[in-house]
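What the coordinates show
Each chain, written out:
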Amino acid sequence: MEKALPENTRVIRVMPNIPALVRMSASVYSLGNNVLDGDTDIVQKLLCSIGYCEEIHESLMDIATALSGSGPAYVFTVIQSLADGAVKMGMPRAQALRLAAQAVMGSAKLVLESGEHPDSLKDDVCSPGGCTIYAMHSLERGGFRSSLIEAVEIATNRAKAIGES
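Residues numbered from 1 in each chain as written. Predicted model: local features only at pLDDT ≥ 70, side-chain atom pairs only at ≥ 80, totals over all residues. Heavy atoms only, no water.

Side note on the overall build of the protein chain
Each helix and strand in the protein chain was counted, giving seven helices and three strands. The order of helices and strands in the protein chain, counted from the N terminus, is β-β-α-β-α-α-α-α-α-α. Whereas a compact globule of 165 residues would reach a radius of gyration of roughly 15 Å, the protein chain reaches 19 Å, over 25% beyond that. For the protein chain, the spread of C-alpha atoms along the principal axes amounts to about 65 × 30 × 30 Å. (Helix = DSSP H or I, 4+ residues; strand = E, 2+ residues; numbered from the N terminus. Rg over C-alpha atoms; globule rule 2.2 N^0.38 Å.)

Next up, the structure:
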């Protein structure tokens with residue numbers, strides 16, 4: 001990007017995400033070569049006003065675009081799918097959406113605040129022979145984890161292609 005601009009232009013590349021609408025963004029930024037110390041403070045203050053922000057190396061920006069930029073779409077699909085399952089089993093849609101969204105929000109908060117690995121937290125929910133371990137087996141059979149991993153890979157490659165065009 002800097003190559004296309006006049007020499008000494010100060011560039012900071014930013015990737016917020018749609019939860020910025022409710023001040024819960026997971027934003028990242030990378031610094032160009034000509035950025036001044038005060039520029040970083042301004043960007044951090046701006047991005048922190050809409051949620052969480054983190055400085056990353058420019059080489060990670062396409063990955064961050066695929067993860068935190070596109071990630072809300074993946075999570076919205078998970079929430080909708082969970083709610084659809086509950087509706088299929090007889091729960092009213094509005095209630096199913098509230099419970100699914102709260103489960104996702106609470107789970108994310110637990111990962112961030114507990115310091116526990118998500119796999120360990122998942123194991124804490126899976127009782128031997130219980131409902132959750134049976135459901136996890138079904139998700140694994142359906143390629144749930146692989147699908148999410150592949151989605152991040154595909155979105156990263158697409159972000160790179162867009163950046164090269």
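Considering the sheet that holds strand β3 (residues 51–55)
If you walk across this open sheet you meet the three strands as β1-β2-β3, and the pairing is mixed. What marks the edges here is a single partner per strand, and that holds for β1 (12–15) and β3. Between one strand and the next, the sheet's axes are offset by a mean angle of 20°, whatever the strand orientation. In this structure, strand β2 (residues 25–31) lies alongside β3, joined through five bridges in parallel fashion. Across the sheet, Val-28 pairs through a bridge with Glu-54, a residue of β3. Of the strands in this sheet, β1, β2 and β3 touch helix α1 (residues 37–48), which is tilted by about 165° from β2. Against the sheet, helix α2 (residues 61–69) makes contact with β1 and β2, and its axis sits at roughly 25° relative to β1, the strand it touches most. (Pairing = 2+ DSSP bridges. Axes fitted to C-alpha atoms, helices over the stretch in contact; angles between N-to-C directions. Contact = heavy atoms within 4.5 Å.)

Quick notes on the pattern of salt bridges
Enumeration over the complete set of coordinates arrives at eight salt bridges. Arg-93 is paired through a salt bridge with Asp-84; the nearest N and O atoms lie 2.8 Å apart. Looking at Arg-93, the relative accessible area reads 36%, which means it is partly exposed. On the accessibility criterion, Asp-84 (33% relative accessible area) is partly exposed. Residues Arg-145 and Glu-140 are paired through a salt bridge, measuring 3.6 Å at the closest nitrogen-oxygen approach. Classification of Glu-140 by relative accessible area gives partly exposed; the value is 43%. The network of salt bridges with common partners includes Arg-13, Glu-58 and Asp-62. (Salt bridge = Lys/Arg side-chain N within 4 Å of Asp/Glu carboxyl O. Buried < 20%, exposed > 50% of the residue type's maximum accessible area, 1.4 Å probe, protein only.)

Side note on the pairing of β2
Taking burial as the measure, the seven residues of β2 include five buried ones, the bulk of the element. Judged from the four bridges that link them, β1 and β2 form a sheet pairing that is antiparallel. If you follow Arg-13 over to β2, its bridge partner there is Ser-30. This β-α-β element, β2 to α1 to β3, shows right-handed connectivity. (Right-handed = clockwise from strand over helix to strand, strands pointing away.)

Overview of the side chain of Thr-65
As for its placement among the helices and strands, Thr-65 is situated in helix α2. With near-sequence residues (within four places) excluded, Thr-65 lies in contact with Met-15, Ser-70 and Ala-159.

So, to be careful, I would describe these as geometric facts and stop short of saying anything about function.
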